[in-house]
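# Overview (structure and organization)
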Amino acid sequence: MMSRPQLTLQLPWVEKYRPEKLKDIVGNEETVERLEQIAKDGNMPHMIISGLPGIGKTTSVHCLAHELLGKSYSQAVLELNASDDRGIDVVRNQIKHFAQKKCHLPPGKHKIIILDEADSMTAGAQQALRRTMELYSNTTRFAFACNQSNKIIEPLQSRCAILRYSKLSDEQVLKRLMEIIKAENVSFTNDGLEAIIFTAEGDMRQAINNLQSTVAGHGLVSGDNVFKIVDSPHPLIVKKMLLADTLEESISHLKNDLWDKGYSAVDIVTTSFRVTKSLYQVKEAQRLEMIKEIGITHMRILEGVGTYLQLASLLARIHRLR
């Protein structure tokens, strides 16, 4: 009788290289130090961690929970994500039942409820949490991870310690990418790494996902391959378009190299903004005026006027400035 082949489970690199201890978290050193102090003292307050996506908010809470609870982690942590239904019924049932549940924990330790993307909870559910947090504060602690803390109602904010996470620097993202590249034996070029960092904009999760997608799709991590995978306009083409000597040349780049290839107006205008920020060939005063014009166009596009005419008009205004 033939034995069945063993299937090896391939984890996404985001999960495979997710930090498990607070000391492994990249960036936001001061905030992570505060969490390490909480882990050392063993007394966690209710917390709100706010910041941009992909910079380690939820991972930090999980690392803290691991360090506080050790082996009891699996039975003493409840995580609810934005994808779950988190209306008032969930607060009254699921969260309340977990808060009431008896767990054999070491003295001074608490159960932890992690509410990811907490800013998308309904106002009613947030109101219902107020009483639950007070009633069960002896046994349960809440950790809210959100992109905007102002979307969490004030009564909850006043019950929590608020930690803010800032965007990761390019150097921090690069350092982590190099560790993964070494571990996975990835072949790369310098412009490929620059492209990943450029498209990620401080979002570590995005950077690692783009790295893995490029390796899976093309093998070699080069600039062109990365921009093919993320399907974003190549900054060199956008730079040529913005710095062309004549308006006709700029419009030609826009039409032939970007618009006709299917890039949306939002993609083109956001890449133009990111390229202009570091366009040091242009004097600063002029660069600021260009950014202002790009910002006005971006606003119009977001309001629904994402036409080729808007982008051509933007190039005409930039040429008039120059």
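Where an unreviewed UniProt entry is consulted, the protein chain appears under the name Replication factor C subunit 4, with the organism given as Torulaspora delbrueckii. Under the UniProt heading Subcellular location (unreviewed entry), the note attached to the protein chain is "Nucleus". The heading Sequence similarities (unreviewed entry) in the UniProt record of the protein chain holds the text "Belongs to the activator 1 small subunits family."

Looking at the assigned domains, one finds that the protein chain contains domain 1 (13-164), domain 2 (170-230) and domain 3 (235-321). Computed over C-alpha atoms only, the centres of domain 1 and domain 2 are separated by 30 Å. Of the residues lining the interface, 10 residues belong to domain 1; the matching set on domain 2 comes to 15 residues. On the domain 1 side of the contact with domain 2, W13, V14 and Y17 bury the most area, a combined 56% of that side's loss. Scanning the region where domain 1 abuts domain 2 turns up one salt bridge. A salt bridge links K16 to E184; the nearest nitrogen and oxygen atoms lie 2.7 Å apart. Our count for the domain 1 to domain 2 interface comes out at seven residue pairs in polar contact (both at pLDDT 80 or more). In terms of residue count, helix α1 (residues 13-16) provides more of the side of domain 1 that touches domain 2 than any other element does, three residues in total. The class makeup of the residues in the side of domain 1 that touches domain 2 is six nonpolar, two polar and two charged.

Time to look at helix α5 (residues 88-100). Helix length check: α5, at 13 residues, gives a terminal C-alpha distance of 17 Å against a target of 18 Å (1.5 Å per residue), a fit within 8%. Within α5, burial applies to V90, V91, I95, F98 and A99. If you follow the buried residues of α5, they end up packed against α4 (73-76), β2 (77-80), β3 (111-116), α6 (123-135) and β4 (140-146).

All right, on to the layout of surface pockets then. Roughly 670 Å³ of internal volume is contained in the largest pocket. For the largest pocket, the lining is made up of 24 residues, of which E194, F198, P235, R274 and S278 are closest to its centre. Looking at the lining of the largest pocket, the elements that each hand over two or more residues are α9 (190-200), α11 (223-230), α12 (235-243) and α14 (265-277). It is α9 that contributes the most residues to the lining of the largest pocket, five residues altogether. A breakdown of the residues in the lining of the largest pocket according to their chemical character gives 10 nonpolar, six polar and eight charged.

Turning to the pairing of strand β1 (residues 47-50), a few remarks are in order. Going residue by residue along β1, you find M47 and I49 tucked away on one face and I48 and S50 tucked away on the opposite face as well. Where β1 lies against β4, four bridges are found, and the strand directions are parallel. Bridge pairing links I48 to F144 in β4. As defined by bridge partners, β1 adjoins strand β5 (residues 161-164) across four bridges and the pair is classed as parallel. Considered in β5, the bridge of M47 is made with A161.

It is worth spelling out the pattern of salt bridges at this point. Pairs can form between side chains of opposite charge whenever their charged atoms are close. Counted under the stated rule, the structure contains nine salt bridges. Close ionic contact of E179 with R176 constitutes a salt bridge, the shortest N to O distance being 2.5 Å. One end of the pair, E179, and the other, R176, are both in helix α8 (residues 170-184), three residues apart, so they sit about a helical turn from each other. A relative accessible area of 14% places R176 in the buried class. Between K255 and D260 there is a salt bridge, with the nearest N and O atoms lying 3.1 Å from each other.

What counts and how
- Residues numbered from 1 in each chain as written.
- Predicted model: local features only at pLDDT ≥ 70, side-chain atom pairs only at ≥ 80, totals over all residues.
- Heavy atoms only, no water.
- UniProt positions renumbered as here; feature names shortened; annotations may be inferred.
- Domains from an automatic or database assignment.
- Contact = heavy atoms within 4.5 Å.
- Buried area = accessible area lost by both parts, 1.4 Å probe.
- Salt bridge = Lys/Arg side-chain N within 4 Å of Asp/Glu carboxyl O.
- Polar contact = N/O pair within 3.5 Å; in protein donor to acceptor, adjacent residues only side chain to side chain.
- Helix = DSSP H or I, 4+ residues; strand = E, 2+ residues; numbered from the N terminus.
- Nonpolar A, V, L, I, M, F, W, Y, C, P; charged D, E, K, R; others polar.
- Expected span 1.5 Å × (residues − 1).
- Buried < 20%, exposed > 50% of the residue type's maximum accessible area, 1.4 Å probe, protein only.
- 1 Å grid on protein atoms, 1.4 Å probe; cavity = no way out; pocket = protein on both sides within 12 Å on 5 of 7 lines; lining within 4 Å.
- Points joined across faces, edges and corners; volume = space filled by probe spheres on them.
- Pairing = 2+ DSSP bridges.

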